[in-house]
Amino acid sequence: MLFATEEINNSTDLLPGISLGYKIYDVCGSISRGVKVALALVNGNKVVSSHSEAPCARPAQVQAIMGETSSSPCMAIATVIGPFHIPLISHFATCACLSDKTKYPSFLRTISSDYYQSRALAQLVKHFGWTWVGAIRSNDDYGNNGMATFTETAQQLGICLEYSVSVFRTDPSDKIRKIIDIIKASTSKVIVTFLSATELYVILNDLSLHNLTGYQWVGTEAWISDSHTAAMDRHHILDGAIGLSIPRAHVSGMREFMLDVKLLNSSSNEIFTEFWEKLFCCKFKQSESSAVNQSECTGHEDLTGVQNSFTDMSLMPIFNNVYKGVYAVAHALHSILGCGKTCNNEVQLDPFLRWPEQGWALLQLLLVASFSQAEELVCRRRGDPELPQLSKDGDIILGGIFSLHSSWKERSDTYIHKPLQLQCTSLNFREFQFAQAMLFAIEEINNSTDLLPGISLGYKIYDVCGSISRGVRVALALANGNEVVSSHSEAPCARPAQVQAIMGETSSSPCMAIATVIGPFHIPLISHFATCACLSDKTKYPSFLRTIPSDYYQSRALAQLVKHFGWTWVGAIRTNDDYGNNGMATFTETAQQLGICLEYSVSFFRTDPSDKIRKIIDIIKASTSKVIVAFLSHMDMDVLIHALSQHNLTGYQWVGSESWIFDSHTAAMDRHHILDGAIGLFIPKAHVSGMREFMLDVKPLNSSWNKLFTEFWEKLFNCKFKQSKSTAVNQSECTGHEDLTGVQNSFTDMSLMPIFNNVYKGVYAVAHALHSILSCNKTCNNEVQLDSFMILQHIRKIRFKTKEGDKVYFNENGDPAAKYEIINWQPTENGTVDFVPVGLYDASLPADKQLNVQNKSLIWAQNSQQVPLSVCSEKCPPGTRKVLQRGKPVCCYDCLRCAEGEISNISDSITCVRCDLEFWSNERRDACVKKEAEFLSYEEIMGALLTAASLLGTCMTAVVAFIFFRYRQTPIVRANNSELSFLLLFSLTLCFLCSLTFIGRPSEWSCMLRHTAFGITFVLCISCVLGKTIVVLMAFRATLPGSNVMKWFGPAQQKLSVLGFTLIQVVICILWLTISPPFPFKNFKEFKDKIILECALGSAVGFWAVLGYIGLLAMLCFFLAFLARKLPDNFNEAKFITFSMLIFCAVWITFIPAYVSSPGKFSVAVEIFAILASSFGLLICIFIPKCYIIILKPEKNTKKNMMGKGEPKSF
């Protein structure tokens, strides 16, 4: 700014002969200080003396103000200086709200509005196909308004926000930690940030502690090109970030000017000293710095060698914005002063009268330029005097600000001629009632002997017609008064505030503007109906109080009410002002926490063009949600109802805020029953004795001088006084004696008594505070000098009960306790609507007890007794889980059946739980049932058949043994070594019986027994067969001449061989059982829905060693029998042994793949079958031919036949 000023002063083309000066203030980031500084710039700090007749007013001390950097301070400053039309040009305040010229008529900027940045960010996100993102914003006007526009545009583009959280640099660490947890738990990988650089530093620090990398960041101009932010990101969390920034700029000479700081020439300036010490980390001798271990500053340090945020010129585009703002003012002055080669110094500069339209072009920063000229040392009022519409003198005066008219005639300002005063239209009976409530309270206090005895309260009530700028002017008029103040030359041009407190305004936005103006002077502003949560911020609005709860509680209560009825898919419509935007922001945040999704969220204002209203109607028509949450003022609701009626949009369930849900005028307008069944929150019912009678006792003839009462009476009775200027025709003449009690309209309707009671309580709060300050008992101390700050402090601390028993007090934020009635619109037979209380919300109770709803007495849309259903997707029943639909909010999902083995036993489950190993899911997938235990049992057919086969084999073996025993002396029995035959039959019996150990539930003993018994008995069996084979071979060799081989393999050797072969198997089994024995085992892998009870081998080596040993003996036996195949037919037992071994080997060779591939109990069945098959093979092949001869061919059972010769046959 200094560079631009110096450049202009050195220019011969721009403002020749005129020098620009400046006054630069440091506001330390404080909004209240910013307001005070702005007023100081306007008024100056000098003591002004004037003659007695001179008006106490003078021109503004500066012609324009450059700054402030942030949006919130600019809003406050622009609100204060707006009525005086002093241009405020900002270089970096981007909030779209500042484009509202009705609120901020003198605000300009040289940076683009966030309206465009928010939409551009949404389009950027859409361009990369990101439809599922998170959002973090600064909890201030910049962040909240910017993110609101982004959210609205994102919804239109099909982008969904998984979460949207806010943060402020002063928030406690717990809140920051919660945001970190939300990011960790999220599934979106893209984070859109509408943060100032300061808030980002706070978040970045915590993100670094948790090492939260891997997210794609999308940023705004506030930090995306900030080198300091990049330097802080040591963990590379923001690497790859993308965002929007102001286009690069270059201003020749500016860098050199900035780095050419002459400290010694400005040594008297503390800020330069502090700057130099911090820049070089040194300390001047005269410095009061407490830093230690620092070198002494010389003032000649080399600035060009320093690398830090001051020498960094990456923000040159912002510097250029400041530069352009100063030049904009200079060019406007150049035009006003008619500059050619010289300028006309005699032109009287006035910020409004003489500013041509081209002078309101560009804007930016937080510093101030002042045009130097000779000033007239007189005080005079700026603008026209503001006279109250209702007033009464008293010892102490209270101010009142109400919109007695709801609108004004449009005017076209040319910025060349001074505009006329507002012409108010549309008398508002509701606001008139509020004013009447204030008058009633004042009259009651004045007539009281207990409260403020001997003190009379007066009032000044102004009609602001719903205009914010007029509200600010009126507030200043209440503070300063309109009288001409004369003083002696030495007396200061100042005096105490004219009113001790101000009652009003009804809406939030005007209250914000008024509270910003009077806040630095600590004049209490007590509102009865301004509910915006933003007004609880005592740093911005230190003197604001209210007798109605904050929307912070109402918004949360509305979200809980919506959740209570199971509505998770709703639409939202809000008033496009502070009341609607802030209220809906809190509702949206709470709704997200409760699992409620907004299908759409749209805003409008009553003055919006019909096209915008039509678009909202189209959005409602195209939506699938059946519930609409309306955070609207009653005036905006009236506009919306009119549009809805034209399209006959009925059947929707409306959820309303306190502004319209109890409004009889709104109900009367709803002739198409669009809002029937609406539900919402309102202040609990109240009764103030005497107030109704006072309000209806209006005496217009006694106040005939007052145009307001005349207008009121004419509208109330639809008549016309003789002296009236009303243009209405065909009206009867007013007499002034019309019967008011017979009239039924919004004025005689007392349904808003709770709001009247709020006005009443506000007046009484001031009275009790004054009672305490003046030390009133029977009389009051009139000598006490009243001070606005003292009154404000006492009001904050008061606690009292009204005559009706209502407790009145304010918390630390100036808010009362939050308590609401839940109201239901229930249509009656005569076509009117009853506002029926159906529940209560009390924020002071525990969270689970705050909401109490009586469901039985509710009426819903279209007179239905059934609670409406409004969900994006039906509830997922037990046995299913939710799967989010791609690109849609979390409330839109598909229900997928749980997989086998998994269940969900609750509705809307997000996951399916896997059953324990021993359990399996039922058919409906909503419960785990115990798995069926499967094993080969005696009861089933296969087990019974195998058992029968085993017993049959045992019986057959017993029969054969009996036959052999019966005919043991016959040659055929004796010729085959009867001892080995009986031992073989015994082992076969054991083989048949050991198969029974494989049937039934496995136990520890049965598992060890089945394999060892099988192994030992089969080795015993094969050993016997092997012995018999050797005996046959030896017997044949013994018949050869000179052979004595039989003496080497006699009966004793045969028994020892059997014992020896068997003992080897016994040793193997003992080792197996000792090292790693078989054990019962539950097999969960074979079948998903069954448990296979089986015997684990323990040691696979042991099992295959047992089986391999049996196989080895079998192969040896087969080989020896094969060698003996050429023996004579009559004595060729080797042939039968060969066949039996062939069967045995075939069975066990095929057993191996069958056993490995058979599942569950079938593997056991395969093993039993192999045991039985091989046993039957041995029994049949070896013994049945002999039994055949013994029983059926006894003639062949002779020694002669056994020793007979015959031709051997090939085998």
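Just so you know, these numbers come straight off a predicted model, no measurement behind them. (Residues numbered from 1 in each chain as written. Predicted model: local features only at pLDDT ≥ 70, side-chain atom pairs only at ≥ 80, totals over all residues. Heavy atoms only, no water.)

Asker: Please set out the packing of aromatic side chains residue by residue, giving values where relevant.
Answerer: Taken as a whole and judged by the stated rule, the model has 32 aromatic pairs. Aromatic side chains Tyr 142 and Phe 194 sit 5.3 Å apart centroid to centroid with 55 degrees between the ring planes, which places their arrangement in the tilted category. On the criterion of sequence distance, the pair formed by Tyr 142 in helix 5 (residues 141-156) and Phe 194 in strand 8 (residues 190-194) is long-range, its members being 52 residues apart. In this structure, Tyr 142 and Phe 194 share a single accessibility class: buried. Through a chain of ring-to-ring contacts, the aromatic side chains of Trp 660, Phe 662, Phe 682, Trp 825 and Phe 835 assemble into a single cluster. Between Lys 930 and the ring centre of Phe 919, over which it is positioned, the NZ or CZ distance is 5.2 Å. (Phe/Tyr/Trp six-rings, centres within 6.5 Å; stacked < 30°, edge-to-face > 60°. Helix = DSSP H or I, 4+ residues; strand = E, 2+ residues; numbered from the N terminus. Buried < 20%, exposed > 50% of the residue type's maximum accessible area, 1.4 Å probe, protein only. Lys NZ or Arg CZ within 6 Å of the ring centre and 35° of its normal.)

Asker: So, the sheet that holds strand 43 (residues 1090-1096): which residues are in play, and what are the values?
Answerer: Paired through their backbone hydrogen bonds, the strands of a sheet run either parallel or antiparallel. Read across the sheet, three strands follow the order 41-43-42 without closing on themselves; strand pairing throughout is mixed. Looking at the sheet topology across the chains shown, the edges are occupied by strand 41 (932-934) and strand 42 (1079-1083). Each strand axis lies, on average, 30 degrees off the axis of its neighbour in the sheet, ignoring direction. Looking at chain direction, strand 41 and strand 43 are connected through three bridges and run parallel. Bridge assignment links Ala 933 to a residue of strand 43, and that residue is Ile 1091. (Pairing = 2+ DSSP bridges. Axes fitted to C-alpha atoms, helices over the stretch in contact; angles between N-to-C directions.)

Asker: Go over the state of the cysteines, please, and point to the residues and values.
Answerer: Applying the stated criterion across every chain yields a total of 13 disulfides. With a sulfur-sulfur separation of 1.7 Å, Cys 719 is cross-linked through a disulfide to Cys 734. Its S-S torsion of approximately 100 degrees makes the covalent link between Cys 719 and Cys 734 right-handed. Of this pair, Cys 719 sits in strand 28 (residues 719-720) while Cys 734 sits in the loop between strand 29 (732-733) and helix 22 (753-773), and the two are 15 residues apart along the sequence. Here Cys 719 matches Cys 734 in class, with each residue buried. The disulfide bridge from Cys 898 ends at Cys 912, spanning 2.0 Å between sulfur atoms. (Disulfide = S-S within 2.5 Å.)

Asker: Provide a residue-level description of empty space enclosed by the protein, including the pertinent values.
Answerer: Going through the model one piece at a time under the given rule, you end up with six cavities of 30 Å³ or more. Looking at the largest cavity, its volume works out to about 160 Å³. Along the walls of the largest cavity sit 16 residues, with Met 75, Tyr 104, Met 512, Thr 516 and Tyr 541 positioned nearest its centre. Broken down by secondary-structure element, the contributors of at least two residues to the lining of the largest cavity are helix 3 (71-81) and helix 14 (508-518). Tallied by class, residues from the lining of the largest cavity come to eight nonpolar, four polar and four charged. (1 Å grid on protein atoms, 1.4 Å probe; cavity = no way out; pocket = protein on both sides within 12 Å on 5 of 7 lines; lining within 4 Å. Points joined across faces, edges and corners; volume = space filled by probe spheres on them. Nonpolar A, V, L, I, M, F, W, Y, C, P; charged D, E, K, R; others polar.)

Asker: Which residues make up the pattern of salt bridges, and what values do they have?
Answerer: Taken as a whole and assessed by the stated rule, the structure comprises 25 salt bridges. Among the ionic pairs, Arg 177 bridges to Asp 174, the shortest N-O distance being 2.9 Å. Of the two residues, Arg 177 and Asp 174 are both situated in helix 6 (residues 173-185); the distance of three residues between them amounts to about one turn of the helix. Judged by relative accessible area, Arg 177 falls into the partly exposed class, the value being 40%. Between Lys 1088 and Glu 900 there is a salt bridge, with the nearest N and O atoms lying 4.0 Å from each other. Taken together, the residues span a long stretch of sequence, with Lys 1088 in the loop between strand 42 and strand 43 and Glu 900 in the loop between strand 36 (893-897) and strand 37 (902-903) at a distance of 188 residues. (Salt bridge = Lys/Arg side-chain N within 4 Å of Asp/Glu carboxyl O.)

Asker: Can you explain the pairing of strand 9 (residues 216-219)? Please cite residues and give values.
Answerer: Across three bridges, the pairing between strand 8 and strand 9 is parallel. From the neighbouring strand, Ile 191 faces strand 9, where its bridge partner is Trp 217. A crossover connection joins strand 8 to the parallel strand 9 through helix 7 (residues 197-209); in handedness this β-α-β unit is right-handed. As judged from the two bridges shared by strand 9 and strand 10 (residues 242-243), these two strands associate in the parallel manner. By the bridge assignment for strand 10, Val 218 is matched with Ile 242. Read from strand 9 through helix 8 (residues 227-232) to strand 10, the crossover connection turns out right-handed. (Right-handed = clockwise from strand over helix to strand, strands pointing away.)

Asker: So, helix 11 (residues 316-336): which residues are in play, and what are the values?
Answerer: Over its 21 residues, helix 11 extends 30 Å from the first C-alpha to the last, a length consistent with the 30 Å expected when each residue adds 1.5 Å. Within helix 11, 17 of the 21 residues are buried, which leaves the element mostly enclosed by the surrounding structure. Just downstream of helix 11, Gly 338 is the residue with a positive phi angle, here 60 degrees. (Expected span 1.5 Å × (residues − 1).)

Asker: Tell me about the sheet that holds strand 20 (residues 501-504), and please be specific about residues and values.
Answerer: Taken in spatial order, the six strands line up as 15-19-16-20-21-22 in an open sheet, and their pairing is mixed. Each edge of the sheet is formed by a strand with only one pairing partner; in this case those strands are strand 15 (390-392) and strand 22 (544-546). On average, each strand axis in the sheet is tilted by 25 degrees relative to the strand beside it, whichever way the strands run. Taken together, the four bridges between strand 16 (residues 396-402) and strand 20 define a ladder with parallel strand orientation. Looking at the pairing, Gly 399 lines up with Ile 502 of strand 20. Packing against the sheet, helix 14 makes contact with strand 16, strand 20, strand 21 (525-527) and strand 22, and its axis sits at approximately 165 degrees to strand 21. (Contact = heavy atoms within 4.5 Å.)

Asker: Go over the nonpolar core with me, naming the residues and quoting the values.
Answerer: Met 438, Leu 452, Ile 573, Trp 654 and Trp 660 are the most contacted members of the largest nonpolar core, which totals 104 residues. At 13 residues, helix 22 tops the list of elements feeding residues into this core. With 66 residues, the next largest nonpolar core counts Ile 972, Val 973, Leu 980 and Cys 1117 among its residues. (Core = buried A, V, L, I, M, F, W, Y, C linked by side-chain atoms within 4.5 Å.)

Asker: Any details on the packing of helix 6 against helix 7? Residues and values, ideally.
Answerer: Look at helix 6 against helix 7: their axes get within 10 Å of each other, and the N-to-C directions meet at 60 degrees. On the basis of the axis angle, helix 6 is oblique to helix 7. Relative to helix 7, helix 6 is oriented so that their crossing is right-handed. Facing helix 6, whose interface residues are Ile 176, Ile 179, Ile 180 and Ile 183, helix 7 presents Val 202, Ile 203, Asp 206 and Leu 207. (Parallel < 35°, antiparallel > 145°, perpendicular 65-115°, else oblique. Left-handed = near helix turned anticlockwise from the far one by under 90°.)

Asker: Mind laying out the packing of helix 24 (residues 941-966) against helix 26 (residues 978-994), listing which residues take part and the relevant values?
Answerer: In the contact formed by helix 24 and helix 26, the axes pass within 8 Å of each other and the chain directions differ by 165 degrees. The angle between helix 24 and helix 26 places the two elements in the roughly antiparallel class. As for how helix 24 packs across helix 26, the hand of that crossing is left-handed. Two secondary-structure elements touch here, helix 24 through Ser 950, Gly 953, Thr 954, Thr 957, Val 960, Ala 961, Phe 964 and Phe 965 and helix 26 through Ser 981, Phe 982, Leu 985, Leu 988, Thr 989, Phe 992 and Leu 993. Its residues assigned to classes, the contact of helix 24 with helix 26 comprises nine nonpolar, six polar and no charged.

Asker: Explain unusual backbone geometry residue by residue, including any values.
Answerer: In the segment running from Gly 67 into Glu 68, the intervening peptide bond is cis, with an omega of -5 degrees. The omega torsion across Gly 504 and Glu 505 is -10 degrees, close enough to zero to call that bond cis. The backbone of His 85 shows a phi angle near 60 degrees, a positive value even though the residue is not glycine. Within the secondary structure layout, His 85 lies in the loop between helix 3 and strand 4 (88-90). With a phi angle near 55 degrees, His 673 is a residue other than glycine that sits in the positive phi range. One can find His 673 in the loop between helix 19 (664-669) and strand 27 (679-682). Take His 673: its relative accessible area is 35%, and that puts it in the partly exposed class.

Asker: So what's going on with the environment of Tyr 163? Residues and values would help.
Answerer: For Tyr 163, the position within the fold is in strand 7 (residues 160-167). Between the C-alpha atoms of Tyr 163 and Val 133, which are 30 residues apart in sequence, the distance is 7.7 Å. In contact with Tyr 163, not counting residues within four places along its chain, are Val 133, Gly 134, Ala 135, Ile 136, Ile 182, Ile 183, Ser 186, Ser 188, Ile 191 and Gln 592.

Asker: Report on the environment of Ile 1143, specifying residues and quantitative values.
Answerer: Within the element layout of this structure, Ile 1143 appears in helix 30 (residues 1133-1157). On the basis of relative accessibility, which here comes to 34%, the residue Ile 1143 falls in the partly exposed class. Sequence separation between Ile 1143 and Gly 1177 is 34 residues; the distance between their C-alpha atoms is 6.1 Å.

Asker: Can you explain a nonpolar patch on the surface? Please cite residues and give values.
Answerer: Taken together, the side chains of Leu 1056, Leu 1059 and Leu 1063 present a nonpolar region at the surface, about 300 Å² in accessible area. Following the sequence through the fold, Leu 1063 ends up in helix 28 (residues 1051-1075). For Leu 1063, a relative accessible area of 45% corresponds to the partly exposed category. (Patch = residues over 30% accessible without salt bridge, like charges linked within 9 Å, V, L, I, M, F, W, Y side chains within 5 Å. Areas by Shrake-Rupley, 256 points an atom, 1.4 Å probe, with all protein chains shown as cover.)

Asker: Lay out the side chain of Ser 196 with the relevant residues and their values.
Answerer: Tracing the chain through its elements places Ser 196 in the loop between strand 8 and helix 7. The class of Ser 196 is buried, set by a relative accessible area of 15%. Leaving out residues up to four positions away in the same chain, Ser 196 has contacts with Ser 138, Tyr 142, Arg 169 and Ala 222.

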